[in-house]
Amino acid sequence: MSAANSLMSEDQFLCSICLDVFTDPVTTPCGHNFCKHCITEHWNISDQYLCPMCKKVFKTKPELYVNTLFSEMVAHSSEQQVSKPGEVPCDVCTGTKLKALKSCLVCLVSYCETHLEPHLTVSGLKRHQLIDPVENLEGRMCMKHDKPLELFCKIDQTCVCMLCTVLDHKAHDVVPLREEYDGKKAELRKTEAEIQQMIQKRRLKIEEIKQSVRLSKENADREIAEGVQVFTSLKESVERGLDELIKTIEEKQKTTEQQTEDFIKELEQEISELMKKSTEVEQLSRSEDHLHFLQSFSPLKDVPTTKDWTEVSVPPASYEGTVVRAVAQLEETLSEEMKKLIEAELKRVQQYAVDVSLDPDTAHPKLILSDDGKEVNHSDVRKTLPDNPERFSSCVSVLGKQSFSSGRFYFEVQVKGKTEWDFGVARESISRKGKIALGPKNGYWTIWLRNGNEYRALNDLVVGLFLKSQPQKVGVFVDYEEGLVSFYDVEAAALIYSFTGCSFTEKLFPYFNPGLNDDGKNSTPLIISCQSH
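Small disclaimer: the values here were computed from a predicted structure and weren't measured. (Residues numbered from 1 in each chain as written. Predicted model: local features only at pLDDT ≥ 70, side-chain atom pairs only at ≥ 80, totals over all residues. Heavy atoms only, no water.)

### Some points on the overall build of the protein chain
Secondary structure summary: the protein chain contains 11 helices and 24 strands in total. Computed over the C-alpha atoms, the radius of gyration of the protein chain is 44 Å, more than 25% above the 24 Å expected from 2.2 N^0.38 for a compact globule of 533 residues. By its C-alpha atoms, the protein chain is 145 × 70 × 35 Å across when sized along the principal axes. When the 533 residues of the protein chain are sorted by exposure, 44% land in the buried category. Within the protein chain, contacts between residues at least 6 apart in sequence are counted, and of these 60% link residues at least 24 apart. (Helix = DSSP H or I, 4+ residues; strand = E, 2+ residues; numbered from the N terminus. Rg over C-alpha atoms; globule rule 2.2 N^0.38 Å. Buried < 20%, exposed > 50% of the residue type's maximum accessible area, 1.4 Å probe, protein only. Contact = heavy atoms within 4.5 Å.)

### Thoughts on helix H11 (residues 335-349)
Here H11 spans 21 Å end to end across 15 residues, near enough to the 21 Å set by a 1.5 Å rise per residue. Taken together, the buried positions of H11 are Met338, Leu341, Ile342, Glu345, Leu346, Arg348 and Val349. Buried residues of H11 fall within an arc of 155 degrees about the axis and therefore sit on the same side. Opposite its buried face, H11 presents the exposed residues Glu336, Lys340 and Lys347, each directed more than 90 degrees away. (Expected span 1.5 Å × (residues − 1). Arc of directions from axis to C-beta.)

### Considerations on the nonpolar core
Counting residues in hydrophobic clusters, the biggest one holds 36 residues, and the most contacted among them are Phe423 and Phe512. Once residues within four sequence positions are removed from consideration, Phe423 is found in contact with Val413, Val415, Trp445, Thr446, Ile447, Val474, Val476, Phe487, Tyr511, Phe512 and Leu526. (Core = buried A, V, L, I, M, F, W, Y, C linked by side-chain atoms within 4.5 Å.)

### With respect to the sheet that holds strand S24 (residues 526-528)
The strand order S12-S13-S24-S15-S20-S21-S22 describes an open sheet built from 7 strands, whose pairing is antiparallel. Every interior strand has two partners, whereas the edge strands, strand S12 (367-369) and strand S22 (494-499), have only one. Going across the sheet, the axis of each strand differs from the next one's by a mean of 20 degrees, ignoring polarity. Packing of H11 onto the sheet brings it into contact with strand S15 (408-414), strand S20 (473-479), strand S21 (484-489) and S22, and relative to S21 it is tilted by some 120 degrees. (Pairing = 2+ DSSP bridges. Axes fitted to C-alpha atoms, helices over the stretch in contact; angles between N-to-C directions.)

### Structural notes on unusual backbone geometry
The backbone phi angle of Gln157 is positive, close to 55 degrees, even though this residue is not glycine. Structurally, the position occupied by Gln157 is in the loop between strand S9 (151-153) and strand S10 (158-160). Here Asp518, not a glycine, exhibits a phi torsion of approximately 55 degrees, which is positive. Checked against the element boundaries, Asp518 lands in the loop between strand S23 (508-513) and S24.

### Focus: a negative patch on the surface
A surface patch of negative charge is lined by Glu239, Asp243, Glu244, Glu250 and Glu251. Inspection of the secondary structure assignment puts Glu239 in helix H8 (residues 239-286). Residue class for Glu239 comes out partly exposed when judged on its relative accessible area of 44%. (Patch = residues over 30% accessible without salt bridge, like charges linked within 9 Å, V, L, I, M, F, W, Y side chains within 5 Å. Areas by Shrake-Rupley, 256 points an atom, 1.4 Å probe, with all protein chains shown as cover. Salt bridge = Lys/Arg side-chain N within 4 Å of Asp/Glu carboxyl O. Lys, Arg positive; Asp, Glu negative; His and termini not counted. Charge placed at Lys NZ, Arg CZ, Asp CG, Glu CD.)

### With respect to the side chain of Asn388
Inspection of the secondary structure assignment puts Asn388 in the loop between strand S13 (375-378) and strand S14 (398-399). Those residues within four positions of Asn388 in sequence are excluded, and the remaining contacts are Asp361 and Lys433.

### Overview of the pairing of strand S19 (residues 462-465)
Looking at chain direction, strand S18 (residues 454-458) and S19 are connected through 4 bridges and run antiparallel. Paired with Ala457 across the two strands is Val463, which belongs to S19. Connecting S18 to the antiparallel partner S19 that follows it, the hairpin turn spans 3 residues.

### Points about the packing of aromatic side chains
Aromatic ring pairs: the centre-centre distance and the angle between the two ring planes describe each pair. Summed over all chains, the structure comprises 15 aromatic pairs. Look at Tyr181 and Phe293: their rings are 4.9 Å apart centre to centre, the planes differ by 70 degrees, and that puts the pair in the edge-to-face class. Highlighted residues: Tyr181 in helix H7 (residues 177-232) and Phe293 in helix H9 (residues 290-301), separated in sequence by 112 residues. Grouping residues by exposure puts Tyr181 and Phe293 together as buried. Ring pairs connect the aromatic residues Tyr181, Phe293 and Phe297, which therefore count as one cluster. Positioned over the ring face of Trp309 is Lys307, at 4.5 Å from the centre of the ring. (Phe/Tyr/Trp six-rings, centres within 6.5 Å; stacked < 30°, edge-to-face > 60°. Lys NZ or Arg CZ within 6 Å of the ring centre and 35° of its normal.)

### Some thoughts on the sheet that holds S10
Taken in spatial order, the 3 strands line up as S10-S9-S11 in an open sheet, and their pairing is antiparallel. What marks the edges here is a single partner per strand, and that holds for S10 and strand S11 (174-176). Taking the axes of each pair of neighbouring strands and ignoring which way they run, one obtains an average angle of 35 degrees across the sheet. Pairing analysis gives 3 bridges linking S9 to S11, with the strands arranged antiparallel. Note on S11: the bridge partner recorded for Phe152 is Val175. Set on the sheet, H7 makes contact with S9, S10 and S11; between it and S11 the angle comes to about 90 degrees.

Any functional reading would require information beyond the geometric quantities listed.
Structure representation (structure tokens):
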């Protein structure tokens, strides 16, 4: 009935001649309304002054009166917005559809400002439930019972009508839409808060990565400056070495920056998706449309599945040993410069010192470990110990308790007074039973001493090491991500050997072998002497 009345009032705004909204509405003496231009043209082409509505004939051209009421109402109607694509149009408007201001859940009709007037003034219509305009009002009716969906079944998680509660959902936990709306809205607010927290964490991660690459850039700049200082002094004879040094460092930095850029792009993509979801959640949170809210709740209530960035980082690229290895080729002329470089490098790597102690569960039965786990030497007496899988059975070796699967670490081993030893790092999956062949292929990155003065690097091909002096204390530095294992003569500030281009994919453990006792000639223990710097 309301829709019909609204439609009637809509027709009253139409000129019966042009069938469009009045322009300059005027009234004839018989009381009918027309556009001033339309009625004037009609009489100009007719042979009599006839009213197009009631057919009344006037002897003379009648005087037209301006209809001020219609003029004002038409002007007010034109001020209302025409419905645009994506907006809900008025269901009552004919011709040009105006934008709906409200939708009525009782009439199942959307109204513009003009056609909404009866719902704001007529007492019977005032009790109707008005909401922000929505489409598909028929979807708010129970398809089975043709009743409004006013309740929510918590058992089946669906909207139901009153008849559903006594038929299909009898004895179910049913609550008004408003009650469930309030609960779900609170839950959605929690989801929104979690999404905002995830966004914030990713923004912080971006800053962390940016800071990491800044540190990497500082390291690169420092290393390049040192390299330029050294190689400039050698003039033309070392220009090729200088160019190679800079190229290597810049390539490492480029790789680090590329990795950083990829991470940042991925994080920004996640932030963009999360912000989009947040906007959808926020828009739904503001909705006062209970049904739309509950029907849209399920796909929005869960926090999006995203990558776990907790352990993701871009460590600054390591350049330890870069300049050193290049300058080592000019050992005779660069001995003093080399010493200065090594001293500076040692200070840097010693910043990564870790506390290492020996693991008795891995020690060969003939090894003697100190109570503090810092010393190990060989004994001719074999102890009775459980032959657990972790224990070395043939080689007189032992691992450190500590393992490392990322980052950088450094420790020192005192070798003074010994004639035989080997140590370094080993991966977790090494063979510990029977005869063992040391080398990267078998999971060992070590150097050794034999016969008191024969030093070797146990690479895949054994490398002879010709040292100017016998080390008394050896420093071991590992950069997991860089794939670098370096050995230093701590007191002489000299690089002994570096394993480069290593590929670490599992945990690394410090590895020690003090060598056989040799009738007391090699009875001095290996001593882990590293301390924090």
